[in-house]
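Overview (structure and organization)
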Amino acid sequence: MPGEPLVGGVIHTYQKYDPRHFPSPTRPTDDVVSPAFEHMLLFGDMKPFTSDELSRAVHLDPDQIAGLGPSLDALIAMLLERKRKILAKYETDTVVRTAQRHYVRRAQRLNPPQPLKKQFRQSVVREQLFELERLWYAVGDDRSVFARGLVLLIQSLGNKYLVEELAAKYEFSGTNPMTVPEALKVKEELERIDELLKQLEQARKTAQIAVIDLAALAEFSEPGDIQRLQQLQKMVEDSLREMAERQGLAAERGAFQLTPQAYRVFQGKLLERIFRHLQASRSGRHPATVNGEGAVEMQQTKPYEFGDSLAQMDIPQSMINALVREGGGGRGRFQTRDIVVHKTRNQPKCATVVILDMSGSMRYDGQYVHVKRMALALNGLIRSEYPGDRLHFVEMYTFARRRADGQIIELLPKPVTIYDPRVRLRVDMSREDISEQLIPPHFTNIQHALQIARQLLAVQDTPNRQVILITDGLPTAHFDGSWLYMLYPPDPLTEAATMREGALCARDGITLNLFLVPSWSQSREDVQFAQRLAESTRGRVFFTAGRDLERYVIWDYVDRRREIVA
């Protein structure tokens with residue numbers, strides 16, 4: 001009504017606030033744990049992983065920093081304009097000819113010694129830096145006039161390369177000629193601009209302000225922009241530090257430490273990624289409901305028999321049976337003949353030993369990272385969905401050692417210490433003066449790893465026992481009593497010892513699943529050995545890409561569990 005105060009309307013205007021893009025309170029939390037774990041999988045520890053490393057590794061939603069600092073789009077536009085002006089100012093044909101002329105003149109001034117004249121003329125014509133450098137070493141006297149002139153010629157040829165690269169890489173449209181030093185400075189400036197543009201584009205997509213070289217950007221932007229970017233970078237680092245602490249990464253003395261909570265978060269992320277692409281109709285993730293010690297209750301019922309557990313009694317049907325028997329007038333007292341119980345099936349436990357190859361060859365292509373990621377994913381699956389199962393890990397190299405769950409992420413491939421193309425070593429490990437530290441660690445001892453796996457599974461009270469062996473090729477070490485043999489190229493003695501140990505596993509009812517990951521040195525012999533080992537032990541062999549290793553192992557484990565239960 002006229003004269004009454006208006007209710008509502010604009011009460012206050014907040015600068016740079018867009019309610020349509022306000023982050024939802026239920027939006028998924030940014031994943032801070034996975035980059036930290038990937039760092040540790042690669043390096044084996046968290047010592048170098050600082051707040052700055054975290055801010056470089058984590059990808060945030062750019063909407064979280066929109067409007068909080070200088071416009072990244074404006075900085076990109078400013079750099080593009082700077083680049084456009086440079087390209088529109090200069091031309092490069094003149095400086096290319098100048099660089100060529102300088103190189104030829106310097107070569108003409110040199111008078112090489114008679115034995116080197118032919119080689120010198122050929123090297124100048126070919127314009128190859130490595131040939132001129134080799135010629136300099138052939139002189140033998142770096143203080144001679146020719147040697148000092150050769151250094152200047154090499155520098156002149158290097159400048160010629162750079163000038164030609166500048167002309168080929170950028171499209172100049174101006175008319176101003178450049179000297180060679182000016183062209184080198186222009187090339188350096190354009191490359192800095194390109195690198196900054198790439199950093200700003202990445203920051204615009206992932207909110208990774210830490211990737212921007214603020215010192216280099218300061219050369220092209222206003223001081224106030226750099227100061228606001230520094231403040232924004234610190235704010236992002238503080239936010240990431242808080243998220244890291246909530247997800248289980250404890251900051252201590254400028255670096256991060258992993259906690260059990262972080263392990264659970266990372267394992268959950270791995271399993272979520274693996275099962276996201278898993279079709280339920282094919283090998284679905286359908287864990288059964290478990291009551292008591294491995295008993296799964298089914299819909300069918302049967303009359304009660306002595307020894308049946310009353311925990312599975314069908315109470316409604318049993319009461320109806322009692323009332324029908326008494327004709328509806330009784331008190332509904334149970335008798336043995338009234339009771340029916342649900343049929344059940346056993347869900348037996350499964351015991352598994354995972355053998356992780358950490359020999360020297362696993363360093364190539366980062367295969368060891370995929371192996372450790374698989375181990376963490378499998379450990380997380382069993383803890384979350386099959387808590388009754390048993391899982392052990394064995395690290396395999398020249399020796400084999402049992403490792404606890406918490407040690408998996410710290411494992412690294414062993415350094416190669418022998419480079420001879422043929423190795424024939426034997427050592428008696430029972431001698432008191434011999435220790436593991438004195439032995440080359442980079443060989444592959446499958447026989448010893450299977451022996452330890454068999455000993456671990458022998459004490460497991462379940463018929464469902466298996467070994468998951470992950471390796472990239474043939475065994476190159478084995479034990480014969482107390483004698484350790486290290487033989488390369490792989491020797492029939494080592495294969496025979498490995499086959500014998502595999503046969504003992506098969507005798508004890510242990511299933512061997514061999515996952516052969518690719519390697520640069522892998523040959524037909526590696527593949528044939530894997531097939532022979534699987535056939536002799538009635539096991540299975542999988543040929544899989546390293547990056548898909550965790551998916552193959554997890555899916556196979558789930559399938560096997562469903563086969564056991566069914």
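Computed from a predicted model, the values in this text were never measured in an experiment.

Moving on, we come to the overall build of the chain. Scanning the chain from N- to C-terminus turns up 18 helices and 13 strands. Evaluated residue by residue, the chain yields a buried proportion of 45% over its 566 residues. Summarising the internal contacts of the chain: among those between residues at least 6 apart in sequence, 74% fall at separations of at least 24. Carbon and sulfur atoms make up 51% of the accessible area of the chain, which amounts to about 31,400 Å² in all.

So, about the nonpolar core. Judged by nonpolar contacts, the single largest core of 34 residues is most densely connected at Val-354, Leu-356, Met-374, Leu-378, Ile-470 and Leu-549. Elements represented by at least two residues in this core include exactly α1 (33-43), β5 (350-357), α14 (367-385), β6 (390-396), β9 (464-471) and α18 (549-565). A total of 10 residues in this core trace back to one element, the largest contributor, which is α14. Those residues in contact with Ile-470 that lie beyond four places of it in its chain are Val-354, Ile-355, Leu-356, Asp-357, Val-371, Met-374, Met-396, Phe-515, Val-517 and Leu-549. In this structure, Val-95, Leu-166, Leu-197 and Leu-214 belong to the second largest nonpolar core, which totals 28 residues.

We now examine the sheet that holds β9. Read across the open sheet, the 6 strands follow the order β7-β6-β5-β9-β12-β13; overall the sheet is mixed. Among the strands making up the open sheet, the edge pair consists of β7 (400-403) and β13 (540-543). Across the sheet, the mean angle separating the axes of adjacent strands is 20 degrees when strand polarity is ignored. Of the strand pairs in this sheet, β5 and β9 are connected by 7 bridges, and their pairing is parallel.

With that out of the way, let us pick up the pattern of salt bridges. Within this structure, the stated rule accounts for 20 salt bridges. For Glu-127, the salt bridge goes to Lys-160, with nearest N and O atoms at 3.0 Å. Note that Glu-127 is positioned in the loop between α5 (117-126) and α6 (129-139) and Lys-160 in helix α7 (residues 145-169), a separation of 33 residues in sequence. This pair shows no difference in class: Glu-127 is buried, exactly as Lys-160 is. A salt bridge links Lys-187 to Glu-191, with the shortest nitrogen-to-oxygen separation between them at 2.5 Å. Of the two residues, Lys-187 and Glu-191 both sit in helix α8 (residues 180-206), 4 residues apart, roughly one turn of that helix. The partly exposed category is assigned to Glu-191, whose relative accessible area is 27%.

What follows is about the packing of helix α16 (residues 492-507) against helix α17 (residues 524-536). The geometry of α16 relative to α17 is characterised by a closest axis approach of 9 Å and an angle of 30 degrees between their N-to-C directions. Relative to α17, α16 is oriented roughly parallel. With respect to the hand of their crossing, α16 and α17 are arranged in right-handed fashion. Judged by residue contacts, Glu-495, Thr-498 and Met-499 of α16 engage Phe-529, Arg-532, Leu-533 and Ser-536 from α17.

This brings us to the side chain of Lys-187. Take Lys-187: its relative accessible area is 8%, and that puts it in the buried class. For Lys-187, the contacting residues outside a window of four places in its chain are Leu-162, Glu-165 and Leu-166.

Before going further, it helps to examine the side chain of Lys-372. Examined against the element boundaries, Lys-372 turns out to sit in helix α14. In this structure Lys-372 is buried but unpaired, with Glu-410 as the nearest side chain of opposite charge at 9.0 Å. The contacts of Lys-372, once residues within four sequence positions are left out, are Met-40, Leu-41, Gly-44, Met-358, Ile-408, Ile-409, Glu-410, Leu-411 and Leu-412.

This next bit is on the confidence of the model for the chain. Of all residues in the chain, 70% attain a pLDDT of 70 or more, and the chain-wide mean is 78. Mean pLDDT across the secondary structure elements of the chain bottoms out at helix α12 (residues 280-283), with 36, and peaks at strand β10 (residues 477-480), with 96. Scored below 50 in pLDDT, residues 9-27 makes 4 contacts in the model with residues more than four places away or belonging to other chains. Confidence over residues 277-297 falls short of pLDDT 50; this stretch has 38 contacts with residues more than four positions distant or in other chains.

With that settled, the discussion passes to the pairing of β6. Judged by how many residues are buried, β6 sits mostly within the fold: 6 of 7 residues are covered. In this region the chain leaves β5, passes through α14 and returns to the parallel neighbour β6; the handedness of that crossover is right-handed. Relative to β7, β6 is paired through 4 bridges, and the arrangement is antiparallel. Residue pairing in the sheet places Glu-395 in a bridge with Arg-401 of β7. Counting the residues between successive antiparallel strands, the hairpin from β6 to β7 contains 3 residues.

Turning our eyes to something else, we now look at the environment of Ile-339. In this structure, Ile-339 sits in the loop between α13 (315-325) and β4 (340-346). What makes Ile-339 buried here is its relative accessible area of 13%. Residues Ile-339 and Asn-321, spaced 18 residues apart in sequence, show a C-alpha to C-alpha distance of 7.6 Å. Once residues within four sequence positions are removed from consideration, Ile-339 is found in contact with Pro-303, Tyr-304, Leu-310, Met-313 and Ser-318.

The rules behind the values
Residues numbered from 1 in each chain as written. Predicted model: local features only at pLDDT ≥ 70, side-chain atom pairs only at ≥ 80, totals over all residues. Heavy atoms only, no water. Helix = DSSP H or I, 4+ residues; strand = E, 2+ residues; numbered from the N terminus. Buried < 20%, exposed > 50% of the residue type's maximum accessible area, 1.4 Å probe, protein only. Contact = heavy atoms within 4.5 Å. Areas by Shrake-Rupley, 256 points an atom, 1.4 Å probe, with all protein chains shown as cover. Core = buried A, V, L, I, M, F, W, Y, C linked by side-chain atoms within 4.5 Å. Pairing = 2+ DSSP bridges. Axes fitted to C-alpha atoms, helices over the stretch in contact; angles between N-to-C directions. Salt bridge = Lys/Arg side-chain N within 4 Å of Asp/Glu carboxyl O. Parallel < 35°, antiparallel > 145°, perpendicular 65-115°, else oblique. Left-handed = near helix turned anticlockwise from the far one by under 90°. Lys, Arg positive; Asp, Glu negative; His and termini not counted. pLDDT = per-residue confidence, 0-100. Right-handed = clockwise from strand over helix to strand, strands pointing away.

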